[in-house]
Amino acid sequence: MNYLNKKTIEDIDVKGKKVLVRCDFNVPLTDGAIVDDKRIRESIPTIKYLADNGAGIILCSHLGRPKDEESKKACTLAPVAARLSELMAKEVKFTTDIIGDEAHAMAAALNPGEIMLIENVRFYKEETKNDPDFAKALASLADIFVNDAFGTAHRAHASTAGVADYLPAVCGYLIQKEIAVMGNALADPKRPFVAILGGAKVSDKIGVITNLIDKVDTLIIGGAMAYTFNAARGWKIGDSKFEPDKVELAKEILAKAQAKGLKFLLPVDNVAADEFNVNANTKVFEHGIEDGWMGLDIGPKTQKIFADAVADAGTVIWNGPMGVSEMPPFAHGTIAVAKAIADSNSVSIIGGGDSAAAVEQLGFADKMTHISTGGGASLEFLEGLELPGIACLDDK
Ligand code: AMP
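Definitions and limits used
All residue numbers refer to positions counted from 1 along the written sequence of the respective chain. Whole-chain, interface and lining totals are the exception, using all residues; otherwise, since this is a predicted model, local features are given only for residues with pLDDT of at least 70 and side-chain atom pairs are given and counted only at 80 or more. Excluding hydrogens and water, the side-chain figures rest on all heavy atoms present in the structure. Here the bounds of each domain stem from an automatic or database domain assignment. Residue contacts follow a heavy-atom distance rule, with two residues in contact if any of their heavy atoms lie within 4.5 Å. In this description, buried area is defined as the sum, over both parts, of the accessible area (probe of 1.4 Å) that is lost when the two are combined. Each reported salt bridge corresponds to a side-chain nitrogen of Lys or Arg within 4 Å of a carboxyl oxygen of Asp or Glu. In the analysis that follows, any N or O atom pair within 3.5 Å is treated as a polar contact, provided that within protein one partner can donate a hydrogen and the other can accept it, and provided that, for residues neighboring in sequence, both atoms belong to side chains. Secondary structure elements follow DSSP: runs of H or I of four or more residues count as helices, runs of E of two or more count as strands, with numbering from the N terminus. Gly is placed with the polar residues, together with every amino acid not listed as nonpolar (Ala, Val, Leu, Ile, Met, Phe, Trp, Tyr, Cys and Pro) or charged (Asp, Glu, Lys and Arg). Here the aromatic set is Phe, Tyr and Trp, taking the six-membered ring for Trp, and pairing holds for ring centres within 6.5 Å; pairs whose planes are under 30 degrees apart are stacked, those over 60 apart are edge-to-face, and all others are tilted. Whether a residue is buried, partly exposed or exposed follows from its accessible area with a 1.4 Å probe, protein chains only, as a fraction of its type maximum: under 20%, in between, or over 50%, in that order. To sit over a ring, a charge needs its Lys NZ or Arg CZ within 6 Å of the ring centre and within 35 degrees of the ring normal.

**Some thoughts on the domain arrangement of the protein chain**
When its domains are assigned, the protein chain resolves into domain 1 (2-174) and domain 2 (181-382). Its C-alpha centre places domain 1 at a distance of 35 Å from the equivalent point of domain 2. Of the residues lining the interface, ten residues belong to domain 1; the matching set on domain 2 comes to twelve residues. Taken together, the two surfaces of domain 1 and domain 2 that pack against each other cover about 840 Å², and 67% of this comes from carbon and sulfur. Residue K38 is joined to E360 by a salt bridge in which the shortest nitrogen-to-oxygen separation is 3.5 Å. On the surface where domain 1 and domain 2 come into contact, there are one residue pair in polar contact (both at pLDDT 80 or more). Examining the composition of the side of domain 1 that touches domain 2, we find that three residues originate from one element, helix α1 (residues 38-52), more than from any other. Considering only residue class, the side of domain 1 that touches domain 2 consists of four nonpolar, two polar and four charged.

**Details of the packing of aromatic side chains**
As enumerated under the stated definition, the model contains six aromatic pairs in all. Considering the side-chain rings of Y3 and F381, the 6.2 Å spacing of their centres and the 70 degrees angle between planes classify their relative orientation as edge-to-face. Pair noted here: Y3 is in the segment before β1 (18-22) and F381 is in helix α13 (residues 375-382), with a separation of 378 residues, a long-range link. The class of Y3 is buried, set by a relative accessible area of 5%. Using a relative accessible area of 4% as the deciding quantity, one classes F381 as buried. Put simply, the rings of Y3, F150 and F381 pair up and form one aromatic cluster. Stacked on the ring of W235, the Lys or Arg R233 has its end atom at 3.9 Å from the ring centre.

**Considerations on the pattern of salt bridges**
Tallied over the full model, the rule gives 22 salt bridges. In this structure, D343 engages K339 in a salt bridge whose closest nitrogen and oxygen atoms are separated by 2.9 Å. Of this pair, D343 and K339 both sit in helix α11 (residues 332-343), four residues apart, roughly one helical turn. Looking at D343, the relative accessible area reads 48%, which means it is partly exposed.

What follows is the structure in structure tokens.
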């Protein structure tokens with residue numbers, strides 16, 4: 001998929017127009033209080049541009065997974081409106097309405113530069129079904145649709161894709177950057193191009209491996225995924241987590257990589273534990289892992305090999321931890337990889353989810369070219385799949 005030609009907010013005239021902006025305000029809440037306002041802060045450049053250029057702004061988003069009346073209470077966007085108001089030092093009006101008279105009246109009364117937020121679009125089950133009537137009703141609030149929610153761009157929902165059937169549709173700055181950095185990396189990477197994949201399962205990442213194997217110069221595999229590959233090359237993996245039904249597939253990938261002359265790096269040593277526990281006894285194994293032990297992180301030799309492969313990279317894409325990084329004794333491999341990427345001069349792209357969180361916690365965020373704002377969406381982008389929330393936008 002090539003989305004480099006999609007129109008952005010700077011390609012249309014928004015002056016005096018009502019603009020419906022799909023944001024990703026799916027923030028973590030505890031007892032109604034926002035625990036991390038990162039997603040709200042990240043949405044501001046797009047909102048500010050629209051306000052400065054004379055648009056009346058109608059924001060919408062989902063939050064959580066509201067199912068019934070009770071769970072809806074915990075999924076209201078009211079705290080988001082309050083926080084955005086504080087951050088922008090400007091009133092953000094909030095309505096508990098979504099597509100009814102109150103939302104329409106508030107939208108109609110918006111002056112240029114004014115901002116409102118409607119309630120959680122997932123309060124309507126029609127949202128995730130991409131119901132055309134619901135999408136049309138949402139669209140009728142505005143003259144233009146802006147999608148800036150990359151985290152849900154892989155979903156064809158009413159507010160992420162359906163509305164684009166009824167309005168001119170462009171992307172905001174967040175999606176524009178995702179498209180530019182990841183799109184360019186896939187289409188015309190600075191070489192050597194290195195992909196580092198980790199995490200739990202080969203089956204989750206197989207699409208990415210299949211797409212990237214034709215593009216990268218070096219493919220590095222860590223995490224539990226690596227044990228399926230090490231089993232495929234006949235190594236003992238002890239009690240490590242692996243997918244027996246994916247061993248054949250791993251063999252095929254290894255053979256393909258070899259035929260292509262690709263540098264394919266797997267762990268040569270591992271930190272293993274005698275149980276899946278932060279206080280477990282640990283032992284470093286070179287080559288295979290003995291029975292009774294499970295590999296929970298890459299070992300020191302592997303850390304060095306992976307870091308060396310990254311050091312002179314032109315482009316690095318990283319998705320998934322190298323071990324059980326939630327447990328400090330098994331986070332060293334993930335930290336080493338994050339550090340190596342941060343220290344390199346590469347165009348560095350960090351997929352969302354665990355690897356993005358690791359990079360941020362370690363304080364390396366500023367050293368990365370791009371940290372994707374969407375875990376699932378960035379994976380699908382790297383798989384080369386169509387993202388409905390971007391595909392629906394107008395071309396230049
Ligand atoms: P993913 O969501 O696919 O990126 O996988 C992340 C999860 O993989 C994390 O919860 C890690 O704890 C887990 N993981 C990574 N390496 C291992 C391993 N060696 N054994 C068990 N789980 C692992």
